[in-house]
Amino acid sequence: LSQRIDETNTKNELGQLAHVLNDTFGRLDSSFEQQVRFTADASHEMRTPLAVILAKSELALVRERTPEKYQETIKTCYDSAQHMSSLIESLLELARVDSGEFKVQREQGNVGLEVSTCVDMLRPLAEKRGITVESDIQGIEMEFDAQRIRQVVINLLSNAVKYNHEQGKIFVHVRKENNEAVISVQDTGPGIKPDDLKNIFNRFYRVDKSRNSKQGSTGLGLAISQAIVQAHQGRLEAESEFGAGTTFRMRLPLK
Ligand code: ADP
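Residues numbered from 1 in each chain as written. Predicted model: local features only at pLDDT ≥ 70, side-chain atom pairs only at ≥ 80, totals over all residues. Heavy atoms only, no water.

The protein is annotated in an unreviewed UniProt entry as histidine kinase from Rubritalea squalenifaciens DSM 18772.

Attention now goes to helix 3 (residues 111-128). Helix length check: helix 3, at 18 residues, gives a terminal C-alpha distance of 27 Å against a target of 26 Å (1.5 Å per residue), a fit within 8%. Most pronounced at L122, the bend in helix 3 amounts to some 40°, and the proline P124 follows within four residues. Those residues of helix 3 that sit buried are V111, G112, E114, V115, C118, V119, L122 and A126. Capping the start of helix 3, N110 holds a side-chain oxygen 3.0 Å from the backbone nitrogen of G112, two or three residues further along. G130 sits one or two residues past helix 3 and shows a positive phi near 70°. (Helix = DSSP H or I, 4+ residues; strand = E, 2+ residues; numbered from the N terminus. Expected span 1.5 Å × (residues − 1). Bend = angle between axes of the 7 residues up to and from the residue. Buried < 20%, exposed > 50% of the residue type's maximum accessible area, 1.4 Å probe, protein only. Polar contact = N/O pair within 3.5 Å; in protein donor to acceptor, adjacent residues only side chain to side chain.)

Glancing now at the sheet that holds strand 4 (residues 169-177). Either a parallel or an antiparallel arrangement is found when strands of a sheet pair, and the pairing is made through backbone hydrogen bonds. What the 5 strands build is an open sheet, ordered 2-4-5-7-6; its pairing is mixed. Only two strands of the sheet have a single neighbouring strand rather than two, namely strand 2 (132-137) and strand 6 (235-241). Taken over all neighbouring pairs, the strand axes of this sheet differ in orientation by 15° on average, direction set aside. For strand 5 (residues 180-187) and strand 7 (residues 245-253), the ladder comprises 7 bridges, and the chain directions are antiparallel. By the bridge assignment for strand 7, I183 is matched with M250. Of the strands in this sheet, strand 2, strand 4 and strand 5 are in contact with helix 3, which crosses strand 2 at around 175°. Against the sheet, helix 7 (residues 221-231) makes contact with strand 6 and strand 7, and its axis sits at roughly 135° relative to strand 6, the strand it touches most. (Pairing = 2+ DSSP bridges. Axes fitted to C-alpha atoms, helices over the stretch in contact; angles between N-to-C directions. Contact = heavy atoms within 4.5 Å.)

Moving on: the packing of aromatic side chains. Going through the model one piece at a time under the given rule, you end up with 2 aromatic pairs. Taken together, a centroid distance of 5.7 Å and an interplanar angle of 35° make the contact between F38 and F204 tilted. With F38 in helix 1 (residues 13-62) and F204 in the loop between helix 5 (194-197) and helix 6 (209-214), the pair connects residues that are 166 residues apart, well separated along the chain. You'll find F38 and F204 in the same group, each marked buried. Pairing F201 with F248 gives two aromatic rings, centres 6.4 Å apart and planes at 85°, and the pair type is edge-to-face. Of the two residues, F201 is situated in the loop between helix 5 and helix 6 and F248 in strand 7; the sequence distance between them amounts to 47 residues. Classification of F201 by relative accessible area gives buried; the value is 15%. On the basis of relative accessible area, F248 is assigned to the buried category, the value being 6%. The cationic tip of R203 hangs over the ring face of F38; the distance from NZ or CZ to the ring centre is 4.8 Å. (Phe/Tyr/Trp six-rings, centres within 6.5 Å; stacked < 30°, edge-to-face > 60°. Lys NZ or Arg CZ within 6 Å of the ring centre and 35° of its normal.)

The next thing to look at is the pattern of salt bridges. Under the criterion given, the structure shown has 17 salt bridges. When the shortest N-O distance is used, the salt bridge between R235 and E237 registers 3.1 Å. The exposure class of R235 is partly exposed, given its relative accessible area of 44%. Taken together, the salt bridges that share partners define one network made up of R175, E177, E180, R235, E237 and R251. (Salt bridge = Lys/Arg side-chain N within 4 Å of Asp/Glu carboxyl O.)

Written out as structure tokens, the structure is:
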């Protein structure tokens, strides 16, 4: 609606008005459709862990059980509740993105140092799967939201661990390129096919739904990471060779 009809051009006024209205309705339609789909997907995602909690607790209530069986039931209910909790956190975060309330708080800091901290944090998780993490990190002083950028790096690193092969490798690089800080996370996992790669930043998109749901995945991590990077006026890119591995690259402008 920011467009205005040229008042001096009376002949084409109606045509232009129709064009502006069509364009506006088109955009409203598609954003409405997106919202409807988002709500439907979110409800669907919440239903699965809730169904698990209901079924397991109902069984525990009606059947005589051993302490071990109760323990197992409580563990399953706890895991499902944890999954719901992280799902709700992510949905609230995306709601803030959609409403324009999502803001980053930039402060002067060293982005390389933050990435190193994340690598140290995730290393034990990688080692559990026999995965080695190598890094080549340049210290770069810049203004950025340290907490948010850590969130992105942790998401990329935990994906690189989660979707990697056992005994695989992860390479983390931070370097200055022209006027950007470039942070990349490369893995030797199964890679992503081009058709899936196009969609992986879409909300709820998972390449292998059945396998991923067992790993507590929500399909929201990359959508949130992209929103954080875009709020820094940066770009988050993915490159993959199916069967060989995937590289995620975050580019943050220095000024
Ligand atoms: P989640 O990991 O919770 O499913 P993400 O948004 O972080 O959500 O990732 C979306 C999907 O992209 C994942 O489900 C997975 O299929 C795919 N993916 C992400 N990172 C990688 C990776 N490093 N290697 C292979 N596939 C990946």
